[in-house]
Amino acid sequence: EDQVTQSPEALRLQEGESSSLNCSYTVSGLRGLFWYRQDPGKGPEFLFTLYSAGEEKEKERLKATLTKKESFLHITAPKPEDSATYLCAVQARSGGYQKVTFGTGTKLQVIP
Amino acid sequence: KAGVTQTPRYLIKTRGQQVTLSCSPISGHRSVSWYQQTPGQGLQFLFEYFSETQRNKGNFPGRFSGRQFSNSRSEMNVSTLELGDSALYLCASSRTTTGELFFGEGSRLTVL
């Protein structure tokens, strides 16, 4: 069964203090790894898709990387508006279909 | 471009009742997926529809059902509600059955 584990569960950073969120996965037939951001009371918002080991994507203060077993979301010099829950998801083949499995997320709080 | 629209946003039901939730995907998106989100379990996959056909189903009891119409709009129904069904129900659309998901803001169901 596909598994996605995110760590830490919660992270508190001072504004400007860079850090990384981890997403480790166990799937057969990975088709893509996704990062989403979710604000309280809202649906997840798509950030990145990574398809193969070694791939990197960047957007403002966020950078996502992928290895064969895990992905990292690096946050450089975060601001309070980066506070949110960050979700990782993997898409894999499952019985002829594509199945998406989500991790439980990392809740990030950035303090001014 | 309009996003994914879910109605109603909030609803309160009592045990034993049934509920129907609605989702209008982004124009041109033919795939609609439904997820249940709870604090302890994270996002759990319910089912996916593409061109009016259910393509994949998660591990939920038969009380949870859904359908998709010819205009790609989708509904999900939960019958004989239980207290544990209280959750945020999220709908997501995508152009195909692979790739990033675009989520609505969810329907928050409270079962008393």
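This structure is a prediction, so every number in the text was calculated from the model and none was measured.

**Q** Lay out the interface of chain B and chain A in plain terms, naming residues and giving numbers.
**A** In many reports, interface size means the accessible area that the parts give up when they come together. With 20 residues of chain B at the interface, the matching set in chain A holds 17 residues. Taking both sides of the interface into account, the surface hidden between chain B and chain A amounts to around 1500 Å²; carbon and sulfur atoms contribute 55%. Considering only the surface of chain B that becomes buried against chain A, Leu43(B), Arg55(B) and Glu100(B) emerge as the three largest contributors, covering 27% of it. Taken together, the connections running from chain B to chain A amount to 0 salt bridges. Linking chain B with chain A are 3 residue pairs in polar contact (both at pLDDT 80 or more), by the criterion used here. Listed by contribution, the elements that provide at least two residues to the side of chain B that touches chain A are strand 4 (31-38), strand 5 (42-50), strand 6 (53-57) and strand 9 (87-94) of chain B. Among the elements that make up the side of chain B that touches chain A, the one with the highest residue count is strand 5 of chain B (4 residues). A per-class count over the side of chain B that touches chain A returns 7 nonpolar, 8 polar and 5 charged.

**Q** Got a sec to walk through the sheet that holds strand 1 (residues 5-7) of chain B? Specific residues and values, please.
**A** All names here are of chain B. Sheet architecture is open: 4 strands sit in the order 1-3-8-7, paired in antiparallel fashion. This sheet does not close on itself; its edge strands, each paired only once, are strand 1 and strand 7 (64-68). Within this sheet the neighbouring strands show an average axis-to-axis angle of 15°, counted without direction. Relative to strand 8 (residues 74-78), strand 3 (residues 19-24) is paired through 5 bridges, and the arrangement is antiparallel. For Thr20, the partnering residue across the bridge sits in strand 8 and is Asn77.

Definitions and cut-offs
Residues numbered from 1 in each chain as written. Chains lettered and ligands numbered in written order. Predicted model: local features only at pLDDT ≥ 70, side-chain atom pairs only at ≥ 80, totals over all residues. Heavy atoms only, no water. Contact = heavy atoms within 4.5 Å. Buried area = accessible area lost by both parts, 1.4 Å probe. Salt bridge = Lys/Arg side-chain N within 4 Å of Asp/Glu carboxyl O. Polar contact = N/O pair within 3.5 Å; in protein donor to acceptor, adjacent residues only side chain to side chain. Helix = DSSP H or I, 4+ residues; strand = E, 2+ residues; numbered from the N terminus. Nonpolar A, V, L, I, M, F, W, Y, C, P; charged D, E, K, R; others polar. Pairing = 2+ DSSP bridges. Axes fitted to C-alpha atoms, helices over the stretch in contact; angles between N-to-C directions.

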